Amino acid sequence: MDKRTAPLTESKAWKALQDHFAEIRGLHLRELFAGDPARGEAFTLEAAGLFLDYSKNRVTARTLELLADLARERGVGDRVEAMFTGRRINVTEGRAVLHTALRAPRGASVEVDGRNVVPAVHEVLDRMAAFAGAVRSGEWKGFTGMPIRAVVNIGIGGSDLGPAMVCEALRAYATRDIEFRFVSNVDATDFCEATRDLDPRTTLFIVSSKTFTTQETMANARSARAWCLRALEDEAAVARHFVAVSTDAAKVAAFGIDTANMFGFWDWVGGRYSLDSAIGLSTMIAVGPDRFRELLEGFRAMDEHFRTAPVERNMPMILGLLGIWYADFFEAPTVAVLPYDHYLRRFPAYLQQLIMESNGKSVTLDGEAVGAPTSPVYWGEPGTNGQHSFYQLIHQGSHLIPCDFIAFARSLNPLDGHHAMLLSNVLAQAEALAFGKTSAEVAAEGASPALVPHRTFPGNRPSNVILAERLTPAVLGALVALYEHMVFVQGAVWGINPFDQWGVELGKELSRRILPELEAGTEPALAHDGSTNALIRRLRRLAAH
Ligand SMILES: O=P(O)(O)OC[C@H]1O[C@H](O)[C@H](O)[C@@H](O)[C@@H]1O
């Protein structure tokens, strides 16, 4: 079989980047800006309502050329086309990767095995819109004839993080007549706390699971069913209080949900790429079908930019290549995402699955070692809260932590001076990280010699600043698509498959084995390692007290 990927570290562009890195790694951002004051204007991009300032990165124009060469040499452009045109690029699962078809306009054509999938996408969107409209207007009634006042999405991973993040992010646009809750954890506390103050007569559960086999989701869905039937005392109530979102109609029916109340999607939508599929049903109920369409338009605008802009002017390409520069050459182990908008407080958690489940791999499509570090750990908290917590380490700690700052010119909740304070903080942090404060500057301010080293800021800590005018549904769509495509670029350069997740399987398999072993009584022979065996015995003893 032909090799799918050539070794990354033997590529010409990689070697050129290594030489270049040796030359510029010691350069300080102070020097880079002194040598080229225009870089603050030059190293910027605009696309789909987003503005990216990447000037505070430890790169020169030459670095960017070489990174673009790397993208070309690794065939990223061809892989982009392969994705958009429905080729089965998820080779380990034999699937196409077509989240971009979820936002294709009505009338477009995207084929998988000779069949245009766009009509089916719009058919589901139309059914979702009709259902969301009925729930929002009160036309959809609960079993006792009362309108819905709470929507509880039951799902985990991609069937939770996306809709939970978007419902929070677009709260300013959401109906206040309905409460939205998200239950994901198999820990019963999640379900119990989420439903404690809800009325079963006015609660709608959306059971969201691509496979409809996920242990946590099925356990929570069963508990929700029991909770509902305890109050409503009639099996027929299920049809008014449960809908399902899944790719598997047979399993939905087997669970007892009428497939007339099911919204489908397809195996070519990865869980972590599914928030704009039927998995977004809770979002659509929250913000309404029109706002949901605006969200899709934002995704689509970024998709078009990604597909058509040259590498050097392509926002997801630049973001992805800069990520590779830090992960592979500076060997930076993490990246912080710091949204300066409280509505985006779940955005870092959402990105963690999108990025780390996608590119947390070490072997290429051919099953060989990548030869360089792959995805860094992503983490973050909204500004300004993070500043009073972990920014100390970003400013003066021993790790290099590239940061993505995200901010909006206008607040959705203007309140006396708050927004200017928020924005002054985001700009100040990026400036402080990049330029720091030298010991001479600290000494000149009169600090005692003993304190000078403690009060010195080395600077040279890189960041991107992503700005938009306001957090709208379209801007959010563009922002999510930006990171989706950043992940794609990085996966293509590393030669890995960002669309499978075999690494989550072993834990699931072992937990199925351990589950009956925790139930004491008869003592099943334990055949784990010494630690696991001892922990099982201890938990049995403690639970028995
Ligand atoms: O939507 P589901 O089939 O229930 O899957 C939910 C989640 O569980 C899996 O373990 C995967 O790691 C995730 O990628 C997925 O999003």
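Small disclaimer: the values here were computed from a predicted structure and weren't measured.

Caption draft 1: The overall build of the protein chain, seen in detail. In terms of helices and strands, the protein chain carries 22 helices and 13 strands. Relative to the compact-globule value of 24 Å for 545 residues, the protein chain shows a C-alpha radius of gyration of 25 Å, a close match. By its C-alpha atoms, the protein chain is 75 × 65 × 60 Å across when sized along the principal axes. Taken over 545 residues, the protein chain has a buried fraction of 54%. If you take every contact in the protein chain between residues at least 6 apart in sequence, the share linking residues at least 24 apart comes to 74%.

Caption draft 2: Spotlight on the site of the ligand. Near the ligand there are 14 residues, and of these Ser159, Ser209, Thr211, Thr214 and Glu357 occur at the shortest range. A distance of 2.8 Å separates an oxygen atom of the ligand from a polar backbone atom of Gly158. Taken by itself the ligand offers 390 Å² of open surface, and the protein chains cover 88% of this. Because more than half of its atoms lie within 2 Å of the grid, the ligand is assigned to the largest pocket. Looking at side-chain class alone, the shell around the ligand contains two nonpolar, eight polar and four charged residues.

Caption draft 3: Structural detail: a nonpolar patch on the surface. Where nonpolar side chains cluster on the molecular surface, the patch consists of Leu518, Leu539 and Leu542 and spans about 280 Å² of accessible area. For Leu539, the position within the fold is in helix H22 (residues 530-544).

Caption draft 4: View of the sheet that holds strand S8 (residues 242-246). Here five strands make up an open sheet; going across it, the order is S6-S5-S7-S8-S9 and the pairing parallel. The two strands at the open ends of the sheet, each matched to only one other strand, are strand S6 (179-183) and strand S9 (262-264). Between one strand and the next, the sheet's axes are offset by a mean angle of 20°, whatever the strand orientation. Sheet topology note: the strand S5 (residues 150-154)/strand S7 (residues 203-208) ladder contains five bridges and is parallel. The partner of Val151 across the bridge, within S7, is Leu204. On top of the sheet, helix H9 (residues 215-232) reaches S5, S6, S7 and S8; it is set at about 160° to S7, its chief contact.

Caption draft 5: Seen up close, the sheet that holds strand S1 (residues 44-47). The sheet built from six strands is open, its strands ordered S1-S2-S13-S12-S10-S11 with mixed pairing. Across the chains shown, the open sheet's two edge strands, defined by having one partner strand only, are S1 and strand S11 (377-379). Across this sheet, the average inter-strand angle for adjacent strands is 15°, counted without regard to direction. For S1 and strand S2 (residues 50-53), the ladder comprises four bridges, and the chain directions are antiparallel. Bridging from a neighbouring strand, Ala47 pairs with Leu50 of S2.

Caption draft 6: Summary view of the nonpolar core. Counting 131 residues, the largest nonpolar core has Trp268, Ile285, Trp325, Phe347, Leu476 and Tyr483 as the members making the most contacts within it. It is helix H20 (residues 473-494) that contributes the most residues to this core, 15 residues altogether. Judged by nonpolar contacts, the second largest core, of 25 residues, contains Ile154, Leu229, Val238 and Phe242.

Caption draft 7: Representation of the packing of helix H5 (residues 76-84) against helix H13 (residues 289-308). Direction vectors running N to C along H5 and H13 enclose 140°, while the axes themselves pass 10 Å from each other. The angle between H5 and H13 places the two elements in the oblique class. Two secondary-structure elements touch here, H5 through Val80, Glu81, Met83 and Phe84 and H13 through Asp303, Phe306 and Arg307.

Caption draft 8: Region of interest: the pairing of S6. The buried fraction of S6 amounts to four of the five residues, a majority that puts the element mostly inside the structure. In the sheet, S5 pairs with S6 via five bridges, with the strands oriented parallel. Across the sheet, Val152 pairs through a bridge with Arg181, a residue of S6. Handedness of the β-α-β unit built from S5, helix H7 (residues 161-169) and S6 comes out right-handed.

Caption draft 9: Looking closely at the side chain of Thr334. Looking at where Thr334 falls in the secondary structure, it is placed in strand S10 (residues 334-339). Look at Thr334 and you get buried, because its relative accessible area is 17%. A polar contact is formed between the side chain of Thr334 and the side chain of Trp379, at a distance of 2.9 Å. Discounting chain neighbours no more than four positions away, the residues touching Thr334 are Pro376, Val377, Trp379, Leu400, Ile401 and Pro402.

Caption draft 10: Fine view of the state of the cysteines. Going through the model one piece at a time under the given rule, you end up with zero disulfides. Cys228 takes part in no disulfide bond, and the closest cysteine sulfur, belonging to Cys192, lies 15 Å away.

Caption draft 11: Focus on the UniProt feature "active site" (unreviewed entry) in the protein chain. When the UniProt feature table is mapped onto this chain, "active site" (unreviewed entry) is found at Glu357, His388 and Lys508. Over a stretch of 152 residues, the named residues are scattered through the fold, their C-alpha atoms separated by up to 37.2 Å. Of the annotated positions named here, the largest pocket is lined by Glu357 and Lys508. Following the sequence through the fold, His388 ends up in the loop between S11 and helix H16 (391-396). Residue His388 is classed as exposed on the basis of its relative accessible area of 72%. Turning to its location among the elements, Lys508 is positioned in helix H21 (residues 505-518). Look at Lys508 and you get partly exposed, because its relative accessible area is 40%.

Caption draft 12: Structural view of empty space enclosed by the protein. Enumeration over the complete set of coordinates arrives at three cavities of 30 Å³ or more. Estimates place the volume of the largest cavity at around 100 Å³. Considering the residues around the largest cavity, the lining is formed by Asn57, Leu319, Leu322, Gly323, Tyr326, Val335, Tyr378, Pro402, Asp404, Asn464 and Met486. Per-element tally for the lining of the largest cavity: the top contributor is helix H14 (residues 315-329), with four residues.

Caption draft 13: A look at H9. Helix length check: H9, at 18 residues, gives a terminal C-alpha distance of 26 Å against a target of 26 Å (1.5 Å per residue), a fit within 8%. Those residues of H9 lying buried are Thr217, Met218, Asn220, Ala221, Ala224, Arg225, Trp227, Cys228, Leu229 and Leu232. Just past H9, the residue Glu233 takes up positive phi, approximately 50°.

Caption draft 14: Inspection of the pattern of salt bridges at higher detail. The final tally for this structure, using the stated rule, is 27 salt bridges. One salt bridge in this structure joins Asp276 and Arg103, with 2.7 Å as the shortest N-O distance. Here Asp276 is found in the loop between S9 and helix H12 (281-287), whereas its partner Arg103 is found in the loop between H5 and strand S3 (111-112), with 173 residues between them in sequence. With relative accessibility at 1%, the residue Asp276 sits in the buried group. In this structure, Arg201 and Asp199 form a salt bridge, with 2.8 Å as the shortest nitrogen-oxygen distance.

The rules behind these values
Residues numbered from 1 in each chain as written. Predicted model: local features only at pLDDT ≥ 70, side-chain atom pairs only at ≥ 80, totals over all residues. Heavy atoms only, no water. Helix = DSSP H or I, 4+ residues; strand = E, 2+ residues; numbered from the N terminus. Rg over C-alpha atoms; globule rule 2.2 N^0.38 Å. Buried < 20%, exposed > 50% of the residue type's maximum accessible area, 1.4 Å probe, protein only. Contact = heavy atoms within 4.5 Å. Near = heavy atom within 4 Å. Polar contact = N/O pair within 3.5 Å; in protein donor to acceptor, adjacent residues only side chain to side chain. Areas by Shrake-Rupley, 256 points an atom, 1.4 Å probe, with all protein chains shown as cover. 1 Å grid on protein atoms, 1.4 Å probe; cavity = no way out; pocket = protein on both sides within 12 Å on 5 of 7 lines; lining within 4 Å. Sits in = over half its atoms within 2 Å of the grid points. Nonpolar A, V, L, I, M, F, W, Y, C, P; charged D, E, K, R; others polar. Patch = residues over 30% accessible without salt bridge, like charges linked within 9 Å, V, L, I, M, F, W, Y side chains within 5 Å. Salt bridge = Lys/Arg side-chain N within 4 Å of Asp/Glu carboxyl O. Pairing = 2+ DSSP bridges. Axes fitted to C-alpha atoms, helices over the stretch in contact; angles between N-to-C directions. Core = buried A, V, L, I, M, F, W, Y, C linked by side-chain atoms within 4.5 Å. Parallel < 35°, antiparallel > 145°, perpendicular 65-115°, else oblique. Right-handed = clockwise from strand over helix to strand, strands pointing away. Disulfide = S-S within 2.5 Å. UniProt positions renumbered as here; feature names shortened; annotations may be inferred. Points joined across faces, edges and corners; volume = space filled by probe spheres on them. Expected span 1.5 Å × (residues − 1).

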